[in-house]
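# Architecture and fold: a report
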Amino acid sequence: MEQEVHEYDGEDITVSYDVKRCIHARECVRGLPAVFDPDRRPWITPDEADADDLAEVITRCPTGALHFERKDGGREETTPDENAIEVVADGPLYARGEIEVVTEDGSELLSDTRVAFCRCGASGNKPLCDNSHLDVDFEAAGTVTGESTNEDPATGRLRVTPTANGPLHVEGEFEISGGDDGSTYRDDDAWLCRCGESANKPFCDGSHAGVGFTTGDD
């Protein structure tokens, strides 16, 4: 998993941008085009908006490519009340909450409130999405099926382990929802497909073994 972080200083707020995590969801451009202009250099100019408004728009970024640090004592980003994963049609898994991504030996890869996980199997920055689903014409519905295993509040730490040549192992209370139809499923331990081949997406059905899916060094 790679990072390439750039910082843009304003009078009241500093914006950080990780090029490797950006998949051009464009929530920032739509939210504050005066600040975020891809055709301008520098493309982020923090002083073109009120710091509170800018902070609010940055938290809409579903991948975590954008973050901020207040210099004026204003409110920093808070952890969402519940852990939520959205299944994006033909695209990634958008996770929000108290997210910790770890290796199988428990070493931390990433700690964040917003992460986009690859589910097409083609990302060059696994386990994160890098928009490769567009290049490989990935097709998968943004739906969730199955009966929830529990109805506990989706709070606490959400631990995500990208397994070698296999699925994402998600541990901790969470709700996963389909972006297409609003279908939902609650669990506290699940295996989510990231090879792109499961017949039971977004859940793993073992297809990664049959297709020879490899993850390299996540």
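No experiment lies behind these values; they were computed from the predicted model shown.

Conventions adopted
Residues numbered from 1 in each chain as written. Predicted model: local features only at pLDDT ≥ 70, side-chain atom pairs only at ≥ 80, totals over all residues. Heavy atoms only, no water. Salt bridge = Lys/Arg side-chain N within 4 Å of Asp/Glu carboxyl O. Helix = DSSP H or I, 4+ residues; strand = E, 2+ residues; numbered from the N terminus. Buried < 20%, exposed > 50% of the residue type's maximum accessible area, 1.4 Å probe, protein only. Core = buried A, V, L, I, M, F, W, Y, C linked by side-chain atoms within 4.5 Å. Contact = heavy atoms within 4.5 Å. Phe/Tyr/Trp six-rings, centres within 6.5 Å; stacked < 30°, edge-to-face > 60°.

One pass over the structure, following the stated rule, counts twelve salt bridges. With a closest N to O distance of 3.4 Å, glutamate 2 and lysine 20 form a salt bridge. Residue glutamate 2 is located in the segment before strand 1 (5-9), and its partner lysine 20 is located in the loop between strand 2 (13-18) and helix 1 (27-31); the two are separated by 18 residues in the primary sequence. A salt bridge links glutamate 56 to arginine 60; the shortest N-O distance between them is 2.8 Å. Assessed through its relative accessible area of 35%, glutamate 56 is described here as partly exposed.

Our next topic: the nonpolar core. With 22 residues, the main nonpolar core has Tyr17, Phe36, Ile44, Leu54 and Leu66 as its most contacted residues. The element that contributes the greatest number of residues to this core is helix 2 (residues 51-58), accounting for five residues. Apart from the residues lying within four places of it in its own chain, the contact partners of leucine 54 are Ile13, Val15, Leu32, Val35, Phe36 and Pro46. Among the nonpolar cores identified, the runner-up in size contains 21 residues, and Val115, Leu128, Leu158 and Ala190 belong to it.

Checked against the element boundaries, proline 92 lands in the loop between strand 4 (84-87) and strand 5 (93-102). With 25 residues separating them along the chain, proline 92 and phenylalanine 117 place their C-alpha atoms 5.6 Å apart. Excluding anything up to four places from it in sequence, proline 92 contacts Ile23, Glu86, Val87, Phe117, Arg119, Cys129 and His133.

Evaluated as defined, the whole model comprises three aromatic pairs. Ring centres of phenylalanine 36 and tryptophan 43 lie 5.8 Å apart, and the angle between their planes is 55 degrees; this geometry places the pair in the tilted category. Using a relative accessible area of 13% as the deciding quantity, one classes tryptophan 43 as buried. For the pair tyrosine 185 and phenylalanine 203, a centre-to-centre distance of 5.1 Å together with 65 degrees between the ring planes defines the contact as edge-to-face. Of this pair, tyrosine 185 sits in strand 9 (residues 184-192) while phenylalanine 203 sits in the loop between strand 9 and helix 4 (207-211), and the two are 18 residues apart along the sequence. Taking relative accessible area as the criterion, tyrosine 185 reaches 10% and is therefore assigned buried. Assessed through its relative accessible area of 10%, phenylalanine 203 is described here as buried. Put simply, the rings of Tyr17, Phe36 and Trp43 pair up and form one aromatic cluster.

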